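# Architecture and fold: a report
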Amino acid sequence: MRLGSASRLEPRTGRSGEGLVFDGVLARRAAGLSTSFPTPHFPSELGEGVVAFDSGFASPEVLPDLTTFAMAALTTHRDETLQYSANQGQPELRRWIADYMNEDGCDLTPDHLMIVNGAKDGLDLVCRLLLDPGDAVVVTAPTYFTCIPIFRSFEAQLLEVAQDDDGIRVDELEALLDSRAQDAKRPHKFVYVVADYHNPAGVSISAERRQALVALAAKRGFFIVEDNPYRRVRFEGPSIPTLKALDREGVVIHTGTFSKLIAPGLRIGWVAAEPELIARLLQLKSDGGTSALLQRIVYEFCRSPAFPDHVERVRRLYVTHRDRMVAAIRREMPDVGVNVPHGGYYLWLTLPASVDGEALARAAAAASVNLIPGSKFYAGTGGFPRNRDDGRSHVRLSYSFATVDDIDEGVSRLARIYQAMRAA
Ligand code: PMP
């Protein structure tokens, strides 16, 4: 494919020996993207016998029956649900989410909230609000891998800061700010964190680090984007206040979602931020409003007595899956390091130096066990100090979707491959 070389008078698209040519007509963010389609990995596309440890799919066992709520949405509420909806989202649902987040120590009103098409859509909108090309964004090493292409599509410069068992290293973040100031570079626009049950590392930011991070953001003038999909998928351990709950200066922009608590297929999430930011976000949301029908179904379910029971079932199922996978790994791959997250969907494995995570993931896929190599969770751009880890000694396994029997089978297959690689 030729890019950007033609004079403006020459035809710039057409077929050539190389296939379809887009000469200088695509945006920079699209021109360099691959034209191959990703390998199928959605549940409906999985081949027979494939064990899916790769993605954050919900377990079919806890997808709720929403029929009565959908019926009400399509009958009693038809005039609302089959119309365009307000860009900010339904007031009742925003009220419900405000109350829900206030249970965690926030002080929000419906004006602080905007409904979006899932947390990823919220992140995309937050980028529209905050980023100009070339702006710096801090991510943890490792970070949620889907945020990397989102931030890159805004031509952001990604800087990595390490995290440990207490979450992001706020001291290193401060050192990064100092070093940029010395080089006369502007501070990063925001730092992106997954505060609870990190994807992929499973860790939660400690209470002290949360306080320190929010104080640093207020002092040095950057935003914190707190992405928190797993907060209520909590198995044990304390419930530490969210970053949004600690935020007195309006520096935290929080993205939430019903994907992990109800169903990812609904694509309903939210952004919580100061009303002055929400007012601007509304004008940047160009999808005609998130589906009124789906918002109503979600709201009717959330306010029904079925909801708390459902959340309890979700937690019970995933803690069983976590325990089963941790036990299988300890039994079959005893020299692999495994974190035990107190919530969420993922195990982050640390491999001995002789085993490469990318090679392991490739060999596992050939044996019909899908997992994600750790390197995918690193922006790979360094930070301060320059990043020491490229993730190749890690792999991420999700325990959410596979059944407990598949967890045993998948780990057995993985262990056979792993032992062979270890012996080689
Ligand atoms: N953020 C993180 C950290 C996630 O793990 C996920 C789901 N894998 C999302 C966002 C996406 O959420 P949603 O389905 O609401 O877009």
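## Things to note about the overall build of the chain
- Check the secondary structure of the chain and you find 14 helices and 16 strands.
- Expected size for 424 residues packed as a compact globule is a radius of gyration near 22 Å; at 22 Å, the chain falls within 12% of this value.
- When its C-alpha atoms are laid out on the principal axes, the chain stretches across 65 × 65 × 50 Å.
- Burial analysis of the chain (424 residues in total) assigns 43% to the buried set.
- Considering only intrachain contacts with a sequence separation of at least 6, the fraction spanning at least 24 residues in the chain is 73%.

## Some points on the sheet that holds strand β10 (residues 252-257)
- A sheet is described by the order of its strands in space; here eight strands give the open sequence β4-β11-β10-β9-β8-β5-β6-β7, paired in mixed fashion. If you trace the sheet from one side to the other, it starts and ends with β4 (113-116) and β7 (167-168), each paired once.
- Pairing analysis gives six bridges linking strand β5 (residues 136-141) to strand β6 (residues 157-164), with the strands arranged parallel. Across the sheet, the residue bridging to Val 137 is Leu 158, located in β6.
- Here helix α4 (residues 91-102) sits on the sheet in contact with β4, β10 and β11 (269-272), set at roughly 115° to β4.

## Considerations on the packing of helix α7 (residues 170-182) against helix α8 (residues 207-220)
- Axis separation between α7 and α8 bottoms out at 10 Å; the angle between their running directions is 15°. Judged by the inter-axis angle, α7 sits roughly parallel to α8. When you trace α7 past α8, the crossing you get is left-handed. On the side of α7, the interface is formed by Val 170, Leu 173, Glu 174 and Leu 177, while α8 contributes Arg 209, Ala 212, Leu 213, Leu 216 and Arg 220.
- Of the residues belonging to the contact of α7 with α8, the class tally is six nonpolar, no polar and three charged.

## A few points about the site of the ligand
- Taken together, 13 residues lie near the ligand, and Gly 56, Gly 118, Ala 119, Thr 257 and Ser 259 sit nearest.
- When the residues that make up the shell around the ligand are grouped by side-chain class, the tally is five nonpolar, six polar and two charged.

## Quick look at the nonpolar core
- Grouped together as the largest cluster of nonpolar side chains are 110 residues, with contacts concentrated most on Val 137, Tyr 192, Ile 224, Val 271, Val 298 and Leu 397.
- Mapping this core onto the domain boundaries places at least three of its residues in each of domain 1 (43-63 + 308-423) and domain 2 (67-306).
- Residues within four places of Val 137 in sequence aside, it is in contact with Phe 151, Ala 156, Leu 158, His 188, Lys 189, Phe 190 and Tyr 192.

## Side note on the environment of Asp 107
- With respect to the helices and strands, the residue Asp 107 is situated in the loop between α4 and β4.
- Distance from Asp 107 to Ile 253, taken between C-alpha atoms, is 14 Å for residues 146 residues apart in sequence.

## Comments concerning the confidence of the model for the chain
- On average, residues of the chain score 92 in pLDDT, and 93% of them are at 70 or above.
- For residues 1-7, every residue scores under 50 in pLDDT, and the model assigns this stretch 14 contacts once sequence neighbours within four places are set aside.

## A closer look at α7
- Its 13 residues give α7 an end-to-end C-alpha distance of 18 Å, which sits within 8% of 18 Å, the value for a rise of 1.5 Å per residue.
- Listing the buried residues of α7 in full gives Val 170, Leu 173, Leu 176 and Leu 177. Summarising the axial view, the buried residues of α7 lie within an arc of 110°, below the 170-degree limit, and thus occupy one face.
- Residues of α7 that are buried sit in contact with β5, β6, β7, β8 (190-193) and α8.
- Remark: Ala 184 follows α7 within two positions and exhibits a positive phi of approximately 60°.

## A closer look at the pairing of strand β16 (residues 394-398)
- Within β16, five of the five residues are buried, leaving the element largely enclosed by the surrounding structure.
- A two-sided burial pattern is seen for β16, the buried positions comprising His 394, Arg 396 and Ser 398 on one face and Val 395 and Leu 397 on the other.
- As defined by bridge partners, strand β13 (residues 346-350) adjoins β16 across five bridges and the pair is classed as antiparallel. Bridged to Trp 348 within β16 is Arg 396.
- Relative to β16, strand β15 (residues 372-373) runs antiparallel, the two sharing two bridges.

## Overview of the sheet that holds β13
- Spatial strand order, β12-β13-β16-β15: four strands in an open sheet with antiparallel pairing. Taken across any chain shown, the strands that pair with only one partner, and hence form the sheet edges, are β12 (337-338) and β15.

Rules used in this analysis
- Residues numbered from 1 in each chain as written.
- Predicted model: local features only at pLDDT ≥ 70, side-chain atom pairs only at ≥ 80, totals over all residues.
- Helix = DSSP H or I, 4+ residues; strand = E, 2+ residues; numbered from the N terminus.
- Rg over C-alpha atoms; globule rule 2.2 N^0.38 Å.
- Buried ≥ 20, exposed ≤ 12 C-beta atoms within 10 Å, placed from the backbone.
- Contact = placed C-beta atoms within 7 Å.
- Pairing = 2+ DSSP bridges.
- Axes fitted to C-alpha atoms, helices over the stretch in contact; angles between N-to-C directions.
- Parallel < 35°, antiparallel > 145°, perpendicular 65-115°, else oblique.
- Left-handed = near helix turned anticlockwise from the far one by under 90°.
- Nonpolar A, V, L, I, M, F, W, Y, C, P; charged D, E, K, R; others polar.
- Near = placed C-beta within 6 Å.
- Core = buried A, V, L, I, M, F, W, Y, C linked by C-beta atoms within 7 Å.
- Domains from an automatic or database assignment.
- pLDDT = per-residue confidence, 0-100.
- Expected span 1.5 Å × (residues − 1).
- Arc of directions from axis to C-beta.

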